[in-house]
Amino acid sequence: MTEAPSIRTLDRLRAAAQAACRARRPEGQPVVRVGLATCGIAAGALDTAEAFRKAIAEAGIDARVETTGCRGHCYAEPLVVIDHPASGFPPILYPEVTPGKAGMLTRFFLGEGDPRFEHMLGATVANELIPSVLEFGRFNREQRLVMDRCGRLDPQSIDDYLADGGYGALARVLAGSPQAVVAAVGAAGLRGRGGAGFPTGRKWELAAAGSAPLRYVVCNADEGDPGAYMDRTLIESNPHQLLEGLAICAYAVGACQAIIYVRAEYPLAVKTLESAIAAAEARGLLGPEVLGTAFAIQVSLFQGSGAFVCGEETALLRSVAGFRGTPTHRPPYPAQKGLGGHPTVIDNVKTLATIPVIVERGAEAFRAVGTPDSPGTAIFSVVGDVVHPGLVEIPMGVTLRELIFDICGGVPGKKRFKAVQIGGPSGGCLPADLLDTPVDFDALSEAGAMMGSGGLVVMDEHTCMVDVARYFLEFTRNESCGKCTFCRLGTCHMLAILERICRGQGRMEDLERLERLARDVRDGSLCGLGRTAPNPVLTTLRYFRDEYEAHVVDQRCPGLSCRPLTAFYIDLEKCARGCDACVGCCPVDAVFTTRTRKKGIDQSLCVKCGECMVACPPEYDAVRRISPAHLAPVIERPPAAEAKT
Amino acid sequence: MLLNPSAAPPPTEPEVLETLGGIVARFDRRRALLVPILQAVQAQCAYLPPETMPLVGRHLGIAASEVYGVASFYNQFRFFPPGRHPIRICLGTACHVKAGDIILENFERKLGIQEGQTTADREFSLERVACVGCCALAPVAIVGETVHGHMQPSKVEGLLLQIQIAREKAQREAAAASPQAEDPSDD
């Protein structure tokens, strides 16, 4: 087995890669690693990296700046790791490194060996000198199987991945039979990470069966769920793991053509993938004669043009063929009859990126993580009203409470947790008393939500659940492809009812009608989009019916969020004389000065943006929000001439 | 608002046809290439000029209406030229929860246009997008290629002012006899 040609070829490639890495990185040279994925760049990481380069050159320090992918700790971007072996400290993680901080860290840490304790998050490894980040729940509760290399490696460098043991799984697989791979994936019990949780091994078996002359593998990277971005991060931070999984899948099912369907809205992911494919082809890891064997795989990119429904596999295939992305009836499943009538395996980015892990660690070890029915880990993007938002990889079966409170730090400020939305527009909202639900495919479906692609939005008490349902329905109404009536018209009518309720013009019978429509749309639609579109409505009606009733009966929004039903006013008891903080920030000049030189809000001008509430200094805390709107006390605006101070 | 003097006049119809013909000729005559062709046209022209539909249709042997049907199905394709500074407001779930719609309204008010429109001087255009995948930085606005995280209504005016100042500076420098003389210092 050790003498298989693929393994010999890989050993040679790996030795060359390790030599290249050593040449690029002189031993003992201090290194600054800046995370440069889309979220890091949005937080200003490009300026930070540039500031480090400039400061290092100016100070004449022997150090280098490297770029890595994303570690998933989006709350702390731009995130920088400084490894300065000569200082005696382990590698240290610094959060929110602005260009100014970059200059300071260069001078003190790289120059003088003082790591500036007050600015660090902690050391990346346990040690005796300084606290380590592993003491935080955000770090030590995670179990990174798939995202292990994200943020550690340079995504642009295939040498990094090879030197780190990458493509070892592919070499091992090529030394054995395709059937063995399918069997291993089946034995591992891997379920598709795209949301529905279909057993991957079963899908591969279907596609590999029979004697088709041509088979395709398609990687679904059309991450359309608003609020989910783990596929983007995986591609931007470690594209080769996906390519390796894709090649293994192609070998297992006997395909020689692979297509990666990636959103055009992710320009950096597209660029990263393009260069990764070219690099892998140049080393003989993709293309004809992979790793010196007879196996050939041609990988191409297809840029999706922004249609949510194209995440559905049959719609995706229509789109690749150059048509409108409308779903078709299943069966036949694409695994039997897909692109051009040939068997086509369609797997999500996370599913494919998990494959090398399963091959390397073995099916047994993979099954040891997670729950019996949902083995392995799940990657969530936890966002919204939460202290430490970002990507979290946890074993399946961890409860929502652990995920939101122990790992991500809970709800910021003194606000109360209200609900968590899981699975995007197809998922549902779960209330506080369901926080002990474990995250796995079946438990979440039972509660009325679904795993979906793993977007998890935490909402605090100032979120209106009716408005959330309205928001998702507006999204699905816009994204419905229009093929079947229930989805096309049903979502329109449901949205109209929800909009009416949010305006305070709802009627009690609307709730009944909404429920009936939701059930009809669910039962009558062809594809996953329509069948799951009513989920946000059904779950909010089930768990937050009181909020619907408050909107209809009292014209009151309990979350103080629906703007037609709320008003801002200034508590004159608390307002300070002569303070102008709220006047300057009002975008519509609705704030005026009263005769007592305190402030009032002109309700006819106010757009309810809440800026004055943010601007009012905490020691006064005078801006109040109230629902129903007519309860706001009226403060007379003095005539223009008098208002002058 | 001031018109940008450095902007070229809009291309004439023969010019557009020539550009489009050049793009289309790079592709094989296969139906599967329809979306990539449209993407290439938009990458070059920033939108799909009306001439695109019949031209691409002829290339692939399908009706112009069929091309339009596909192009209008996907959110990516635009049928009107965007502004020089396209502004896109993210209204994904996280941005919605963090009041992204208020940011959008502020841009609408400051620019005097509605979402989906372009200002009369073609400087700014305003669009909403479903999600750009920067949810931890919500609410997010994208001006040109730059992503601005943690937006606030009061930041909107500053952003627009910054663009205007940069433009006026560029105009002054262009007007100066030797453009190299002045150091483009940051502020």
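Calculation criteria
Residues numbered from 1 in each chain as written. Chains lettered and ligands numbered in written order. Predicted model: local features only at pLDDT ≥ 70, side-chain atom pairs only at ≥ 80, totals over all residues. Heavy atoms only, no water. Helix = DSSP H or I, 4+ residues; strand = E, 2+ residues; numbered from the N terminus. Rg over C-alpha atoms; globule rule 2.2 N^0.38 Å. Buried < 20%, exposed > 50% of the residue type's maximum accessible area, 1.4 Å probe, protein only. Contact = heavy atoms within 4.5 Å. Areas by Shrake-Rupley, 256 points an atom, 1.4 Å probe, with all protein chains shown as cover. Lys, Arg positive; Asp, Glu negative; His and termini not counted. Charge placed at Lys NZ, Arg CZ, Asp CG, Glu CD. Pairing = 2+ DSSP bridges. Right-handed = clockwise from strand over helix to strand, strands pointing away. Domains from an automatic or database assignment. Arc of directions from axis to C-beta. Axes fitted to C-alpha atoms, helices over the stretch in contact; angles between N-to-C directions. Salt bridge = Lys/Arg side-chain N within 4 Å of Asp/Glu carboxyl O. Polar contact = N/O pair within 3.5 Å; in protein donor to acceptor, adjacent residues only side chain to side chain. Core = buried A, V, L, I, M, F, W, Y, C linked by side-chain atoms within 4.5 Å. Buried area = accessible area lost by both parts, 1.4 Å probe. Phe/Tyr/Trp six-rings, centres within 6.5 Å; stacked < 30°, edge-to-face > 60°. Lys NZ or Arg CZ within 6 Å of the ring centre and 35° of its normal.

Describe the overall build of chain A, listing the residues and the values that go with them.
On a plain count of helices and strands, chain A comes out with 26 helices and 18 strands. A globule of 645 residues ought to have a C-alpha radius of gyration of about 26 Å, and chain A, at 27 Å, matches this closely. The dimensions of chain A, computed from C-alpha atoms along their principal axes, are 90 × 70 × 40 Å. Here chain A holds 645 residues, and the buried ones make up 61% of them. Partitioning the contacts of chain A with sequence separation of at least 6, the portion at a separation of at least 24 is 71%. Of the roughly 24600 Å² of accessible surface on chain A, 52% is carried by carbon and sulfur atoms. Across chain A, the mean location of the 68 positive side-chain charges is 4 Å away from that of the 74 negative side-chain charges.

Could you give an account of the pairing of strand β7 (residues 257-263) of chain A, naming the residues involved and the relevant values?
Residues and elements named next belong to chain A. Most of β7 sits inside the fold, with six of its seven residues counted as buried. In the sheet, strand β6 (residues 216-221) pairs with β7 via six bridges, with the strands oriented parallel. Looking at the pairing, Val217 lines up with Ala258 of β7. Across seven bridges, β7 lies against strand β8 (residues 298-304) in parallel orientation. When the sheet's bridge partners are listed, Ile260 is paired in β8 with Leu301. Handedness of the crossover is the feature at issue here: the chain leaves β7, passes through helix α12 (residues 267-282), returns alongside β8, and the resulting connection is right-handed.

Kindly report on the domain arrangement of chain B, identifying the contributing residues and their values.
Looking at the assigned domains, one finds that chain B contains domain 1 (5-73) and domain 2 (85-177). Distance between the C-alpha centres of domain 1 of chain B and domain 2 of chain B: 28 Å.

Quick rundown of helix α8 (residues 178-188) of chain A? Include the residues and the values.
Residue and element names in this part refer to chain A. Residues of α8 that are buried: Val181, Val182, Val185 and Ala188. An end-on view of α8 places all buried positions within 130° of arc, on one side of the element. Turning to α8, the residues buried within the fold contact α7 (168-174), α9 (200-208), α11 (239-253), α14 (349-361) and α15 (363-367). Two residues or fewer after α8 comes Gly189, characterised by a positive phi angle close to 70°.

Tell me about the sheet that holds strand β10 (residues 377-384) of chain A, and please be specific about residues and values.
All names here are of chain A. Strand order in the open sheet formed by five strands is β11-β10-β14-β12-β13, and the pairing between neighbours is mixed. Two strands in the sheet have a free side with no partner beyond their single neighbour: β11 (390-395) and β13 (428-431). With strand direction ignored, the average angle separating the axes of adjacent strands in the sheet is 30°. Pairing geometry for strand β12 (residues 417-422) and strand β14 (residues 455-460), over five bridges, is antiparallel. Paired with Ile422 across the two strands is Leu456, which belongs to β14. Docked against the sheet, helix α16 (residues 400-407) engages β10, β11, β12, β13 and β14, running at close to 115° with respect to β12.

Describe in detail the pattern of salt bridges, supporting the description with residues and values.
Evaluation of the coordinates by the stated rule reveals 48 salt bridges over all chains. The residue Glu142 of chain A makes a salt bridge to Arg138 of chain A at a minimum N-O spacing of 3.0 Å. Taking the relative accessible area as the measure of exposure, Arg138 of chain A reaches 2% and is therefore buried. In this structure, Glu105 of chain B engages Arg563 of chain A in a salt bridge whose closest nitrogen and oxygen atoms are separated by 2.9 Å. On the criterion of chain membership, the pair formed by Glu105 of chain B in helix α6 (residues 100-111) and Arg563 of chain A in the loop between α23 (545-554) and β15 (567-570) is interchain, its members lying in two chains. Judged by relative accessible area, Arg563 of chain A falls into the buried class, the value being 17%.

Help me get a handle on the side chain of Thr293 of chain A, residues and values and all.
All names here are of chain A. With respect to the helices and strands, Thr293 occurs in the loop between α12 and β8. Judged by relative accessible area, which is 15%, Thr293 ranks as buried. Only 3.4 Å separates the side chain of Thr293 from the backbone nitrogen of Phe295, close enough to count as a polar contact. Excluding anything up to four places from it in sequence, Thr293 contacts Ser6 and Leu174.

Could you give an account of the nonpolar core, naming the residues involved and the relevant values?
Of all hydrophobic cores here, the largest spans 105 residues; its most connected members are Tyr167, Trp204, Leu285 and Leu291 of chain A together with Val140 of chain B. Among the elements that make up this core, the one with the highest residue count is α11 of chain A (10 residues). Excluding residues that lie within four positions of it along the chain, Trp204 of chain A makes contacts with Val181, Val182, Val185, Cys249, Ala252, Val253, Val345, Asp347 and Ile355 of chain A. Listed in part, the 43 residues of the second largest apolar core include Ile259, Tyr261 and Leu339 of chain A together with Tyr74 of chain B.

Lay out the interface of chain A and chain B in plain terms, naming residues and giving numbers.
Each side of the interface is counted separately: chain A has 52 residues, and chain B has 40 residues. Regarding the contact of chain A and chain B, the summed buried area is about 3500 Å², with carbon and sulfur atoms giving 58% of it. The tally of links between chain A and chain B comes to three salt bridges. Counting every contact that joins chain A to chain B gives 20 residue pairs in polar contact (both at pLDDT 80 or more).

So what's going on with the packing of aromatic side chains? Which residues, and what values?
Residues and elements named next belong to chain A. Applying the stated rule across the entire model yields 12 aromatic pairs over all chains. Seen in terms of ring centroids, Phe136 and Phe139 are 6.4 Å apart; in terms of plane orientation they differ by 50°. Their pairing is tilted. A relative accessible area of 38% places Phe136 in the partly exposed class. Of the residues examined, Phe139 reaches a relative accessible area of 15% and is grouped as buried. Seen from their ring centres, Tyr251 and Phe295 are 5.2 Å apart, and the 75° between their planes marks the pair as edge-to-face. One end of the pair, Tyr251, is in helix α11; the other, Phe295, is in the loop between α12 and β8, with 44 residues separating them in the sequence. Phe295 gets classed as buried once you look at its relative accessible area, which sits at 10%. Through pairs of rings, three or more aromatic residues link up here, namely Phe89, Tyr94, Phe109 and Phe117. Just above the ring of Tyr266 sits the side chain of Arg263; from NZ or CZ to the centre is 4.9 Å.

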